[in-house]
Structure formats: C-alpha cells, structure tokens
Amino acid sequence: MNNDMYDAIYYFNKAYYLSDEKNKKAELLLKSNECYKTLGLYEEAILSLKQIFPLGLSDTLQFNIKLQLAILNYLKSDFTESLSQLEQIEQYTKSENLKNEVLPIKVMVLNELENYDEAKKTMLKWIVNTAPKELNDSLTEVVIKLYSDKNIPHFKNTKTAKTLSYIFPGLGQLYAGYPLGFLASLTLTSAALGYAVYNFVTQHYFTAFTFNNGLFQAFYIGGVRRAEFLANKKNNKLKSNFNNSIKDYLK
C-alpha cells in the first residue's frame, strides 16, 4: 500500500507541475496531501500545501487548504499553529456553514493547549449554530457539566514535585499520585544513607564518603528526577482522559 501512495504522490506532483490552471494545481496538491497524511508524513504534507499561493483561488479551495494545514499541524502536535490556521478560516471564510465545520476541531486544539474556557465557549457556539433548537438547552447543560471545575484536569506542578522530593525523598512521587513510587524512593534513599552511616560507625571512612555517598546521591537526585517524570506522566494521563471524553461527545 505504501508504494501505491508514493506512486500517487509522484503522479499528482507531476500533474501539478504540468498544469497551468491555478485551481487545478491546488486540487492536485490537496490530493497529494491526502497521500502524505495516510503515510504519516505530516511535515512533507505541510510543505507541499505551502506551495499554494491562495490569491485567486476559489473560496472552497482556500478553506480546504487552511483546514488541511490545521489538521496536519494538529496531527504533528503543533497546536499553536493549528489554532492559527483555524482562526484564519474564521476570519476570512465567508460561508457560515464552513466556519461551523471547523468548530469541533478548534475545541480539540484548545483542549490540547489547556485553554478550557475558550474550548467551552467554542463548543457552546457550535451547539447554537448547528444543533436543532429543541436540543440546545440539553446539549448546553452537557457541555457545562463536561467543562465544570470537577471534570477539567487539575494538573500537578512539576516544580512542586521536584521541591517536595528535595525536602523529603519520595514526597514528590506521593504528590504526583504514585504512593508506590514514594515508598520505593524512600526505601532506596534510606537504605543508601543507612549503609553510609554503618560504614562511618565501623570506621570504613573511605567507603562511607565515596561509594556510599555516591550511591545516596544517585538515589536522592534520581528520586527528584523521577518525581518530575511522574508528575508529567500524571498530567498527560489527565489531559488524555479529558480530551478523549470530549472527542467521544463530538462524535
């Protein structure tokens, strides 16, 4: 299948360079873009679409180009650029129906940017503009509940996680929501410190100040870094779960 996609890209690009008609050239690059997207080559697809100079193109083609750029940037996790493309659609597209089509995508992008207030407003706007009037109240109620303070993610502060682990080994892991990580970090750091004290008491000073001190530092600093990693992991899980619930609603 991949070979077929590459062949299609070749022929679409060849036809693009042979064509003199501006709208036709844009349509060919949009078809080539679909092949790149199927292959997961998002950057190549973006570069391909950026060859198109929009002036003089039909409104529909300009809309499709901006929409594809928004989707491609979303897929490659450049959410700021994706939002920029969507805002250009809202600003320059004349058709209200086309503007409404991109609102669900904008909701997902805003969620990724953790701008939940704007995401909520955009979702409510989508309901008002597209849903049957008899369903507006019930759908609005669902959205308000989805974006309530109880449901939106409350992220762990990675700096706080690190600071807590500097203060007391494992405390950052506990703050991040990983009690087993707290126990593991506390146990390893305490064991290393205890062994260092034992060697000092038994007058093995060189071992106490070299090997054991290095071991303690490795577990101690390692625990701090682990706390930061776990806080990020927890935040990603919270965001993913919330975003998936919104995607399920948008379906």
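These numbers were taken from a predicted model, which means no experiment stands behind them. (Residues numbered from 1 in each chain as written. Predicted model: local features only at pLDDT ≥ 70, side-chain atom pairs only at ≥ 80, totals over all residues. Heavy atoms only, no water.)

1. Quick look at the overall build of the protein chain
Next up, step 1: Check the secondary structure of the protein chain and you find 14 helices and 0 strands.
Next up, step 2: From first element to last, N terminus to C terminus, the protein chain shows the α and β order α-α-α-α-α-α-α-α-α-α-α-α-α-α.
Next up, step 3: If you sum the accessible surface of the protein chain, you get close to 14,900 Å²; carbon and sulfur atoms cover 57% of it. (Helix = DSSP H or I, 4+ residues; strand = E, 2+ residues; numbered from the N terminus. Areas by Shrake-Rupley, 256 points an atom, 1.4 Å probe, with all protein chains shown as cover.)

2. Details of the pattern of salt bridges
Next up, step 1: Summed over all chains, the structure comprises 6 salt bridges.
Next up, step 2: Across the pair K106 and E90 runs a salt bridge whose closest N-O atoms are separated by 3.0 Å. Placement of K106 in helix α7 (residues 103–112) and of E90 in helix α5 (residues 79–92) is noted, with a sequence separation of 16 residues between them.
Next up, step 3: Under the relative-accessibility criterion, K106 is labelled buried at 10%.
Next up, step 4: E114 is paired through a salt bridge with K239; the nearest N and O atoms lie 3.0 Å apart. Residue E114 is located in the loop between α7 and α8 (116–130), and its partner K239 is located in helix α14 (residues 211–250); the two are separated by 125 residues in the primary sequence. (Salt bridge = Lys/Arg side-chain N within 4 Å of Asp/Glu carboxyl O. Buried < 20%, exposed > 50% of the residue type's maximum accessible area, 1.4 Å probe, protein only.)

3. Some points on the packing of aromatic side chains
Next up, step 1: For the coordinates displayed, the defined rule picks out 5 aromatic pairs.
Next up, step 2: Geometrically, the ring pair formed by Y74 and F79 is edge-to-face, given 5.5 Å between the ring centres and 65 degrees between the ring planes. Each member of the pair Y74 and F79 is classed as buried.
Next up, step 3: Feature note: the residues Y116, Y147 and F242 constitute an aromatic cluster, connected by ring pairs. (Phe/Tyr/Trp six-rings, centres within 6.5 Å; stacked < 30°, edge-to-face > 60°.)

4. Examining the packing of helix α4 (residues 59–75) against α7
Next up, step 1: As a packed pair, α4 and α7 sit with axes 11 Å apart at the nearest point and diverge in direction by 35 degrees. Our pair here, α4 against α7, has a crossing hand that is left-handed. Residues L67, I71 and Y74 of α4 pack against I105, M108, V109 and E112 of α7. (Axes fitted to C-alpha atoms, helices over the stretch in contact; angles between N-to-C directions. Left-handed = near helix turned anticlockwise from the far one by under 90°. Contact = heavy atoms within 4.5 Å.)

5. Considerations on the packing of α7 against α8
Next up, step 1: In contact at an axis separation of 8 Å, α7 and α8 are set at 165 degrees when each is read in the N-to-C sense. In terms of orientation, α7 lies roughly antiparallel with respect to α8. Crossing angle aside, the handedness with which α7 passes α8 is left-handed. Residues L103, P104, K106, V107, L110 and N111 of α7 pack against Y116, E118, A119, T122, M123, K125, W126 and N129 of α8.
Next up, step 2: By residue class, the composition of the contact of α7 with α8 is 8 nonpolar, 3 polar and 3 charged. (Parallel < 35°, antiparallel > 145°, perpendicular 65-115°, else oblique. Nonpolar A, V, L, I, M, F, W, Y, C, P; charged D, E, K, R; others polar.)

6. So, the nonpolar core
Next up, step 1: Counting 28 residues, the largest nonpolar core has L86, V107, V109, M123, Y147 and I246 as the members making the most contacts within it.
Next up, step 2: Those elements that provide at least two residues to this core are α4, α5, α7, α8, α9 (136–146) and α14.
Next up, step 3: Apart from residues no more than four positions distant in its own chain, M123 is found in contact with V107, V143, Y147, I246, Y249 and L250.
Next up, step 4: Core analysis: the second largest hydrophobic core is formed by 20 residues, M5, L28, C35 and I46 among them. (Core = buried A, V, L, I, M, F, W, Y, C linked by side-chain atoms within 4.5 Å.)

7. Overview of unusual backbone geometry
Next up, step 1: Despite not being glycine, S77 has its phi angle at roughly 70 degrees, a positive value.
Next up, step 2: Checked against the element boundaries, S77 lands in the loop between α4 and α5.

8. Focus: the environment of K22
Next up, step 1: You can see K22 is positioned in helix α2 (residues 22–38).
Next up, step 2: The sequence separation of K22 and P54 amounts to 32 residues, and the corresponding C-alpha distance is 9.3 Å.
Next up, step 3: When neighbours within four sequence positions are excluded, K22 is seen to be in contact with F53, L55, G56 and L57.

9. Focus: α4
Next up, step 1: With 17 residues, α4 extends 24 Å from end C-alpha to end C-alpha; this agrees with the ideal 24 Å at 1.5 Å per step.
Next up, step 2: Among all positions of α4, only L61, F63, I65, L67, Q68, L69, A70, L72, N73 and Y74 are buried. (Expected span 1.5 Å × (residues − 1).)

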